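Summary of structural features
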Amino acid sequence: AAEDEEVGVRCSASGYIISPMPHAEVKAAAASLSDAARAVLLRGETERPRSHDATPAGAGVYRCAVGGLPLFSSQARRPSTTGWPSFVEPLDEQHVIYRPDESGGLARTEVLCARSRCHLGHVFHEAGGRRFCINGAALRFDACDTSPRELILAAGCFWGLQ
């Protein structure tokens, strides 16, 4: 199919591949996900409020569950009473695509992963700025390793040299 042709690799300013994934690769990556996650990501459905716990504690990065592209930092996460994870900004604007969405009689902006082209949720423009209302099933959280590190310094003979 034409959508599977390799045109060239595009990278974001932060160094991640944002070229669209071939359709077969998207389907293969989504195969291991739950039915609910596939409904959200591949068919653009919306999960029920509070149906997915994508609110782990601690620092980390929220990635697209299909494409793996880093989308949001835990630092951009905001408390929400809507029932869906909310963020104030993406990690890199090139990692998301915006598309007008007037389904259900509502005028809003859909948010897609730039790599997988999968549905993530919507962004709303409010008085205080933007609010990204994202389906938890569309995200995978990777915690930052904040454990203390041991630094070992050595001196002496290395590689058999003195």
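Presented here is an overview of the structure given in this document.

Quick notes on the rules
- Residues numbered from 1 in each chain as written.
- Predicted model: local features only at pLDDT ≥ 70, side-chain atom pairs only at ≥ 80, totals over all residues.
- Heavy atoms only, no water.
- Pairing = 2+ DSSP bridges.
- Helix = DSSP H or I, 4+ residues; strand = E, 2+ residues; numbered from the N terminus.
- Buried < 20%, exposed > 50% of the residue type's maximum accessible area, 1.4 Å probe, protein only.
- Salt bridge = Lys/Arg side-chain N within 4 Å of Asp/Glu carboxyl O.

Let us now look at the pairing of strand β5 (residues 96–101). Judged from the 6 bridges that link them, β5 and strand β6 (residues 108–113) form a sheet pairing that is antiparallel. Bridge pairing in β6 places Arg 99 opposite Glu 110. Between the end of β5 and the start of β6, which pair antiparallel, lie 6 residues, with Gly 104 showing a positive phi angle near 70°.

Unusually for a residue other than glycine, Arg 50 sits at a positive phi of about 60°. Within the secondary structure layout, Arg 50 lies in the loop between α2 (35–43) and β1 (60–64). For Arg 50, a relative accessible area of 58% corresponds to the exposed category. Residue Arg 117 is not a glycine yet carries a positive backbone phi of 65°. Along the polypeptide, Arg 117 turns up in the loop between β6 and β7 (119–126). Taking the relative accessible area as the measure of exposure, Arg 117 reaches 35% and is therefore partly exposed.

Moving on to the pattern of salt bridges. Applying the stated criterion across every chain yields a total of 8 salt bridges. A salt bridge links Arg 99 to Glu 110; the nearest nitrogen and oxygen atoms lie 2.8 Å apart. A residue pair is termed long-range when its members are at least 10 positions apart, and Arg 99 in strand β5 and Glu 110 in strand β6 qualify at 11 residues. Overall, Arg 99 belongs to the partly exposed group, its relative accessible area being 42%. For Glu 110, a relative accessible area of 8% gives the class buried. Between Glu 126 and Arg 131 there is a salt bridge; the shortest N-O distance is 2.8 Å.

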